[in-house]
Amino acid sequence: MDQQWFADLEARIPHGEVRTRFAPSPTGYMHVGNLRTALYTWLIARHAGGKFLLRIEDTDQGRLVEGAVDVIYNTMRRCGLTWDEGPDVGGPVGPYVQTERRSLYKAYAQLLVEKGAAYYCFCEKAESKEDSGEFQREDDPCRNLDPKEAQARVDAGEPYVIRQRIPHEGHTTFHDAVYGDITVENSELDDQILLKRDGLPTYNFANVVDDHLMGITHVVRGAEYLSSAPKYNLLYEAFGWEIPTYVHCSSIMIQDSETGAVRKMSKRHGDPSYEDLLADGYLNEAVVNYVALLGWAPRGELAEREFFTLDELAAVFDIEGVSKSPAAFDIAKLTYFNASYLRAMAPEAFAAAAEPWIRKSVTKPAFDVSAIAALLQARCEKLSDIPEKVDFFDKLPVYGVDLYTNKKSKTNTDVSRTMLKAAIPALEALPVWDQTSVHDCLIDLAVQLGVKNATLMWPVRIAVAGKAVTPGGAVELCCILGREESIRRMLIGLALLG
RNA sequence: GGCCCGGUGGUCAAGCGGCUAAGACACCGCCCUUUCACGGCGGUAACACGGGUUCGAUUCCCGUCCGGGUCACCA
């Protein structure tokens, strides 16, 4: 590649605006940690009125997953994390898929070889971590190969990788917006591979090249990359490129439900991914809101605030508020956020969201789904709580008479029998069957019988539902069940009471 | 093990030399009530430890301990 080729690429780089990028590998699902990184990356760009790009890092040919890129698109869209440039929408610095940029990495790696900052290595591939420790990297015979000889072997078709030539002496300091200055001895750094035998770049190299060529100003990533960051500086320096602002985010931990140990959250251990959470009835807005607060907190006046929409987050997000210490994912708190979002929904919106879940156990068309949803809105924390709560509508459960005994309501089987005997004819005689008439009827009856409301309501509710805990009270349930079914169930209860 | 990074209640966290050390979740009470919820009110609970620096340390420095990360032709 000649000078002009490189110059043309450099000429495409936008300047003068904040540009961030989310660069996932297509693995087929979104980790909660990845989601948070994507979110923070997006927020930094949007807060600054800059650009947010999507780049697909698919350089690991051995781990390609069918359809995984679509999962990324869908997840990002679902979360509202819009991108200005990316594989599907294009942009000035494309292509945005790394395998489509392969010739580029090779050219830059060779440029580094010419500069003396990298070298060809012909050593056998290490089959395992242990193997790689056979000899100290600094003793790598290839490192000191005569450039002409190395080139000759390359030209002869001998397989090779290109390694970064790390100085043996001195130290490297890099700056991170969250962690501050970090200094390491160069002797601690290894001559990492830049270009693999298959001609594709390693993550560490592709990142540097792409981030520069795409004009990325803020590199946001997980803290697991913190220790490799100094090597990046050396690369940028060798190229003579401006170093972007690094923003490393601490890991998201989770307490293992079995061992109780705290470890990094991972799909491999069965920890929930974004998709899993949605499938379990969590709302996207709640997940995003919760995740935003896992490792970031608003400061000053906003310090006590917890509820934010995406746009509100974009307005107040600042790197200053990003935490250095790892945060534990707490499903209970996410559940609280979810419950709050659920309750804040317009009744119609909630009914629409709840319907598929209600229909999992309420299949009879006669029952009014929106009426059931109304009962559920304040009584479920996540949509998946629903089916179990409304399972008695379709079919009266088999239950024992002990349910009729409740101390607080002052009922037992004898009292319940009396109550049902009185309630059945009263309800049968009602001219209309609606919330108000059923309610007034039973309240009046309680007065006539000289008992507290609960004493009458309890057995009625137990009879029509067949379970101790129900969403809504006797009146609501009777209304939804309808007169015929309600009376039928009360007669069954009466029979049970003997 | 080497190197790097962390350490405020069980969890998320505010704090950025002087505070009775916020707030939220969870938990526990009480109220409301037609079960359960919702809602309202209240409560238990924290600066890992030891040295410094300073008139004064949760806050700054060092050490210890603990936790995490990383040492791949994976990202």
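Keep in mind it's a predicted model, so treat the numbers as computed, not measured. (Residues numbered from 1 in each chain as written. Chains lettered and ligands numbered in written order. Predicted model: local features only at pLDDT ≥ 70, side-chain atom pairs only at ≥ 80, totals over all residues. Heavy atoms only, no water.)

### Regarding the overall build of chain A
Cut-off, in case you're wondering: Strands here are runs of E lasting at least two residues and helices are runs of H or I lasting at least four, both read from the DSSP assignment and numbered beginning at the N terminus. The globule rule is 2.2 Å times the number of residues to the power 0.38, and the radius of gyration it is compared with is taken over C-alpha atoms. Exposure classes here rest on a 1.4 Å probe applied to the protein chains alone. A residue is buried below 20% of its type maximum, exposed above 50%, and partly exposed in between.
Along its length, chain A carries 19 helices and twelve strands. Radius of gyration (C-alpha) of chain A: 32 Å, far over the 23 Å computed for a compact globule of 498 residues. If one aligns the C-alpha atoms of chain A with their principal axes, the spans along those axes are about 105 × 45 × 40 Å. Scored against the burial criterion, the 498 residues of chain A give a buried share of 50%.

### Topic: the nonpolar core
Our working definition: In plain words, nonpolar cores are sets of buried Ala, Val, Leu, Ile, Met, Phe, Trp, Tyr and Cys residues tied together by side-chain atoms within 4.5 Å. The contact criterion used is simple: two residues touch if any of their non-hydrogen atoms lie within 4.5 Å.
In this structure, Met76, Phe329 and Phe393 are the most contacted members of the largest nonpolar core, which totals 106 residues. A total of nine residues in this core trace back to one element, the largest contributor, which is helix H2 (residues 32-47). Ignoring anything within four residues of it in the chain, the contact list for Met76 reads Phe22, Met30, Ala38, Phe52, Leu54, Leu81 and Trp83. Judged by nonpolar contacts, the second largest core, of 45 residues, contains Ala109, Tyr119, Phe205 and Ile216.

### Looking at unusual backbone geometry
In this chain, Gly94 is followed by Pro95 through a cis amide linkage whose omega measures -5°. Topologically, Pro95 is positioned in the loop between helix H3 (68-79) and helix H4 (102-115).

### A short note on the packing of H2 against helix H9 (residues 284-292)
Packed helices, taken two at a time, are described by their axes: the angle between them and the distance between them. Note the threshold: Whenever a helix is involved, its axis is fitted only over the stretch in contact; in every case the axis is a line through C-alpha atoms, and angles between N-to-C directions fall within 0 to 180 degrees. Any angle that falls under 35 degrees is termed roughly parallel, while one over 145 is termed roughly antiparallel, one within 65 to 115 roughly perpendicular, and all others oblique. Ten residues, namely Ala, Val, Leu, Ile, Met, Phe, Trp, Tyr, Cys and Pro, are considered nonpolar, four, namely Asp, Glu, Lys and Arg, are considered charged, and the remaining ones, Gly among them, are considered polar.
Put simply, H2 and H9 touch, their axes get as near as 10 Å, and they point 80° apart. The angle between H2 and H9 places the two elements in the roughly perpendicular class. Here H2 contributes Val32, Leu35, Arg36, Leu39 and Tyr40 to the contact with H9, which in turn contributes Val287, Val288, Val291 and Ala292. A per-class count over the contact of H2 with H9 returns eight nonpolar, no polar and one charged.

### Things to note about the pattern of salt bridges
Worth spelling out the cut-off: Throughout this description, the term salt bridge denotes a Lys or Arg side-chain nitrogen within 4 Å of a carboxyl oxygen of Asp or Glu.
Here the structure, examined in full by the defined rule, presents 25 salt bridges. With a closest N to O distance of 2.9 Å, Arg55 and Glu57 form a salt bridge. In this structure, Arg263 and Asp271 form a salt bridge, with 2.4 Å as the shortest nitrogen-oxygen distance. Here Arg263 and Asp271 have matching classes, each one buried. Shared partners join several salt bridges into a network, and the residues in it are Arg21, Arg55, Glu57, Arg101, Asp210 and Asp211.

### Points about the sheet that holds strand S3 (residues 118-121)
The strands making up a sheet associate through hydrogen bonds between their backbones, and the pairing can be parallel or antiparallel. What counts, and what does not: Strands qualify as paired when DSSP identifies two bridges or more between them.
The strand order across the open sheet built from three strands is S3-S4-S7, with neighbouring strands paired in antiparallel fashion. Each having just a single partner strand, S3 and strand S7 (193-195) make up the two edges of the open sheet. Sheet twist, expressed as the mean angle between neighbouring strand axes with direction ignored, is 40°. As defined by bridge partners, strand S4 (residues 161-164) adjoins S7 across two bridges and the pair is classed as antiparallel. Within S7, the residue paired with Arg163 across the bridge is Ile193. Contacts from H4 reach S3, S4 and S7 within the one sheet, and its direction differs from that of S3 by about 105°.

### Quick look at the protein's contact with RNA strand B
Operational definition: Near residues are defined by distance, with any heavy atom within 4 Å of the molecule or strand qualifying the residue. Each polar contact in these results corresponds to two N or O atoms within 3.5 Å; when the atoms are within protein, one needs to be able to donate a hydrogen and the other to accept it, and residues that are neighboring in sequence are counted only if both atoms are side-chain atoms.
Close contacts around RNA strand B come from 61 residues, with Lys196, Arg197, Glu306, Arg379 and Gly472 the closest. Close to the protein, within 4 Å, the atoms of RNA strand B are drawn from sugar and phosphate at a rate of 69%. A distance of 3.3 Å separates a sugar or linking oxygen of RNA strand B from a polar backbone atom of Ala468. The separation between a base oxygen of RNA strand B and a polar main-chain atom of Gly473 is 3.0 Å. Looking at the surface near RNA strand B, the elements with two or more residues in it are strand S6 (180-185), strand S11 (262-264), strand S12 (327-328), helix H11 (331-344), helix H17 (453-465) and helix H18 (474-481). In terms of residue count, the dominant contributor to the surface near RNA strand B is H17 (five residues).

### Remarks on the sheet that holds S11
Strand order in the open sheet formed by three strands is S11-S10-S12, and the pairing between neighbours is mixed. Only two strands of the sheet have a single partner each, and these edge strands are S11 and S12. When strand S10 (residues 252-255) meets S12, the two strands line up parallel, connected through two bridges. Residue pairing across strands places Ile252 opposite Ala327, the latter belonging to S12.

### Some words on the packing of H17 against H18
Filter applied, for reference: The hand of a helix crossing depends on one turn: near helix anticlockwise from the far one by less than a right angle means left-handed, and clockwise means right-handed.
Packing of H17 against H18 brings their axes to within 9 Å, and their N-to-C directions diverge by 35°. Taken as a pair, H17 and H18 cross one another with a handedness that is left-handed. Together, Met457, Val460, Arg461, Val464 and Ala465 of H17 and Ala474, Val475, Leu477, Cys478 and Leu481 of H18 make up the contact between the two elements. Here the residues of the contact of H17 with H18 sort into nine nonpolar, no polar and one charged.

### Quick notes on the packing of aromatic side chains
Formally: For this analysis, a ring pair means two rings from Phe, Tyr or Trp (six-membered ring only for Trp) whose centres lie within 6.5 Å, classed as stacked if their planes differ by under 30 degrees, edge-to-face if by over 60, and tilted for the remaining angles. Remark: a charge is flagged as sitting over a ring if the NZ atom of Lys or the CZ atom of Arg is within 6 Å of the ring centre and within 35 degrees of the ring normal.
This structure, assessed with the given rule, holds 25 aromatic pairs. Pairing Tyr399 with Tyr404 gives two aromatic rings, centres 5.9 Å apart and planes at 55°, and the pair type is tilted. The exposure class of Tyr404 is buried, given its relative accessible area of 0%. Ring pairs connect the aromatic residues Trp5, Phe6, Tyr108, Phe205, Tyr236, Phe239 and Trp241, which therefore count as one cluster. Looking at Arg153, its charged tip hangs above the ring of Phe122, at a distance of 4.2 Å from the centre. A cation sits over an aromatic face here: Lys267 above Tyr29, 5.3 Å from the ring centre.

### With respect to helix H12 (residues 347-358)
Threshold: Directions from the helix axis toward the C-beta atoms define the arc.
Buried residues of H12: Phe350, Ala351, Ala354, Trp357 and Ile358, and no others. Taken end-on, H12 shows its buried residues confined to a sector of 115°, consistent with a single buried face. Counted as exposed and oriented over 90 degrees from the buried face of H12: Glu348 and Ala352. Residues of H12 that are buried sit in contact with helix H8 (274-279), H11, helix H13 (369-376) and helix H14 (386-389).

### Here we look at the confidence of the model for chain A
Our working definition: Per-residue confidence from the prediction method is given by pLDDT, with values spanning 0 to 100.
Taken over all residues, the pLDDT of chain A has a mean of 93, while the share at 70 or more is 97%. The low-confidence segment residues 127-135 (pLDDT under 50) makes five contacts with residues lying over four places distant or belonging to another chain. If you check the scores for this complex, the pTM reads 0.95 and the ipTM reads 0.96.

### Some points on the pairing of S6
By the bridge criterion, six bridges tie strand S5 (residues 171-176) to S6 in an arrangement that is antiparallel. Along S6, the bridge assignment pairs His175 with Asp181. Between S5 and S6, which pair antiparallel and follow one another directly, the connecting turn spans three residues.

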